[in-house]
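Residue-level structure breakdown
Residue strings, one per chain:
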Amino acid sequence: MAHLIPIVRCKKNTMVHVVRLLLTSGDHLRKLTALGVLPGVKIEILQTYPAYVLKIGYTQIALDYEIAKNIIVVP
């Protein structure tokens, strides 16, 4: 079984697969799903500071820590 971690613990320039989204906030969950962050999606981490910049397909999105910590991935 692969090791599940929050995306905020991953290094930049790595590829990860989304496994689950934590349900800590309905607003955060709605924002993530609207941006295309869903279980099964492959994400490239382009930047981790000052914001998390993620590439999903041909789209880049920026998230703050409070929202990004809800994304659980497998490296």
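These notes cover the structure that comes with them. Model, not experiment: these values are computed from the prediction.

**Remarks on the overall build of the chain**
- Looking only at helices and strands, the chain has two helices and six strands in total.
- Along the longest, intermediate and shortest principal axes, the C-alpha atoms of the chain span 30 × 30 × 20 Å.
- A buried classification covers 33% of the 75 residues belonging to the chain.
- Excluding contacts between residues fewer than 6 apart, the proportion of contacts in the chain whose partners are at least 24 apart in sequence is 62%.
- Counting every atom, the chain has about 4,700 Å² of accessible surface; 56% of that belongs to carbon and sulfur.

**Looking at the pattern of salt bridges**
- On inspection of all chains with the given rule, the structure shows two salt bridges.
- Put simply, Asp 27 and Arg 30 hold a salt bridge, and the shortest N to O gap is 2.6 Å. Linking Asp 27 with Arg 30, this pair stays in helix H1 (residues 26–34), spanning three residues, or about one helical turn.
- On the accessibility criterion, Arg 30 (53% relative accessible area) is exposed.
- We note a salt bridge from Lys 69 to Glu 66, for which the minimum N-O separation is 3.0 Å.
- Here Lys 69 falls in the partly exposed class, since its relative accessible area comes to 31%.

**Quick notes on the side chain of Asn 70**
- Examined against the element boundaries, Asn 70 turns out to sit in the loop between helix H2 (65–68) and strand E6 (71–74).
- Residue classification places Asn 70 among the buried residues on the basis of a relative accessible area of 2%.
- At 3.4 Å, the side chain of Asn 70 and the side chain of His 28 are in polar contact.
- Here Glu 66 takes part through its backbone oxygen, which lies 3.1 Å from a polar atom of the side chain of Asn 70.
- If we skip the residues at most four places from it in the chain, Asn 70 touches Arg 20, Leu 21, Leu 22, Thr 24, His 28 and Leu 32.

Calculation criteria
- Residues numbered from 1 in each chain as written.
- Predicted model: local features only at pLDDT ≥ 70, side-chain atom pairs only at ≥ 80, totals over all residues.
- Heavy atoms only, no water.
- Helix = DSSP H or I, 4+ residues; strand = E, 2+ residues; numbered from the N terminus.
- Buried < 20%, exposed > 50% of the residue type's maximum accessible area, 1.4 Å probe, protein only.
- Contact = heavy atoms within 4.5 Å.
- Areas by Shrake-Rupley, 256 points an atom, 1.4 Å probe, with all protein chains shown as cover.
- Salt bridge = Lys/Arg side-chain N within 4 Å of Asp/Glu carboxyl O.
- Polar contact = N/O pair within 3.5 Å; in protein donor to acceptor, adjacent residues only side chain to side chain.

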